[in-house]
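What follows is each chain in one-letter form.
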Amino acid sequence: MKKDIKFPPVTGIKLAIAKEVINGHDEWSVYIINLNLIEVNTVIITAKGYGVIQGETKKTSVLRHMIQEIGPESMAKIEPIDPALFTLNNEYWVSYYILDQIFDKKFIFTEGSMDPSNITFIPELGLEGVIHR
């Protein structure tokens, strides 16, 4: 049962939504960053958006991603994201293994977190965006 599984605290894993300019167009993507000195593997990510727009409840489809391995002090692109979704809460539930230990954490980019005042340079990516720890 889930209550019997011990989930130690997640450290060294961050998520970021960052912008790169491709062919003169801004393209936003979600990235996972592994700051640990050891690889993480069997990374499973579920992504969904939800919130209220003009008084109407909105939900996106749930997307599932799997990344076999992210090396030490490395990153991987999870998915592109449409800026129209920045008005919603964007939730990423990340589960992964380090050696034989499972880790699990929910990262939520809340509505308004992609406000231009929150955008900074993310050295691990070499891009500008918003990082979630």
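Higher on the page you've got the structure.
Residues numbered from 1 in each chain as written. Predicted model: local features only at pLDDT ≥ 70, side-chain atom pairs only at ≥ 80, totals over all residues. Heavy atoms only, no water.

## Looking at the nonpolar core
Here is step 1 of the chain: If you look at the biggest cluster of nonpolar residues, it comprises 26 residues, and the most contacted ones within it are Leu15, Ile17, Ile32, Val43, Tyr92, Val94 and Tyr96.
Here is step 2 of the chain: Setting aside residues up to four positions removed in sequence, Tyr92 forms contacts with Leu15, Val30, Ile45, Thr46, Ala47, Glu79, Ile81, Lys105, Lys106, Phe107 and Phe109.
Here is step 3 of the chain: Membership of the second largest hydrophobic core comes to seven residues, among which are Ala16, Ile33, Ile122 and Leu127. (Core = buried A, V, L, I, M, F, W, Y, C linked by side-chain atoms within 4.5 Å. Buried < 20%, exposed > 50% of the residue type's maximum accessible area, 1.4 Å probe, protein only. Contact = heavy atoms within 4.5 Å.)

## Examining the packing of aromatic side chains
Here is step 1 of the chain: Applying the stated criterion across every chain yields a total of three aromatic pairs.
Here is step 2 of the chain: Measuring from ring centre to ring centre gives 6.3 Å for Tyr92 and Phe109, while their planes differ by 80°; the resulting arrangement is edge-to-face. With Tyr92 in strand 7 (residues 89-98) and Phe109 in strand 8 (residues 101-109), this residue pair connects regions lying 17 residues apart in the sequence.
Here is step 3 of the chain: By relative accessible area, which is 2% here, Tyr92 ends up buried.
Here is step 4 of the chain: Arranged with centres 5.3 Å apart and planes meeting at 10°, the rings of Tyr96 and Phe103 form a pair that is stacked. (Phe/Tyr/Trp six-rings, centres within 6.5 Å; stacked < 30°, edge-to-face > 60°. Helix = DSSP H or I, 4+ residues; strand = E, 2+ residues; numbered from the N terminus.)

## Digging into the sheet that holds strand 10 (residues 127-132)
Here is step 1 of the chain: Strand order in the open sheet formed by five strands is 6-2-1-10-9, and the pairing between neighbours is antiparallel. Both edges of this open sheet fall to strand 6 (74-80) and strand 9 (120-122), since each of them pairs with a single strand only. The mean angle between the axes of side-by-side strands here comes to 45°, regardless of whether they run parallel or antiparallel. (Pairing = 2+ DSSP bridges. Axes fitted to C-alpha atoms, helices over the stretch in contact; angles between N-to-C directions.)

## A closer look at the pairing of strand 8
Here is step 1 of the chain: By the bridge criterion, nine bridges tie strand 7 to strand 8 in an arrangement that is antiparallel. Counterpart to Ser95 in the pairing with strand 8 is Asp104.
Here is step 2 of the chain: Where strand 7 hands over to strand 8, the hairpin turn is made up of two residues, of which Leu99 adopts a positive phi near 55°.

## A few points about the side chain of Ser113
Here is step 1 of the chain: Here Ser113 lies in the loop between strand 8 and strand 9.
Here is step 2 of the chain: On the accessibility criterion, Ser113 (14% relative accessible area) is buried.
Here is step 3 of the chain: There is a polar contact of 2.8 Å between the side chain of Ser113 and the backbone oxygen of Thr110.
Here is step 4 of the chain: Residues within four places of Ser113 in sequence aside, it is in contact with Asn118 and Val130. (Polar contact = N/O pair within 3.5 Å; in protein donor to acceptor, adjacent residues only side chain to side chain.)

Scope: geometric values only; no functional claims are made or implied.
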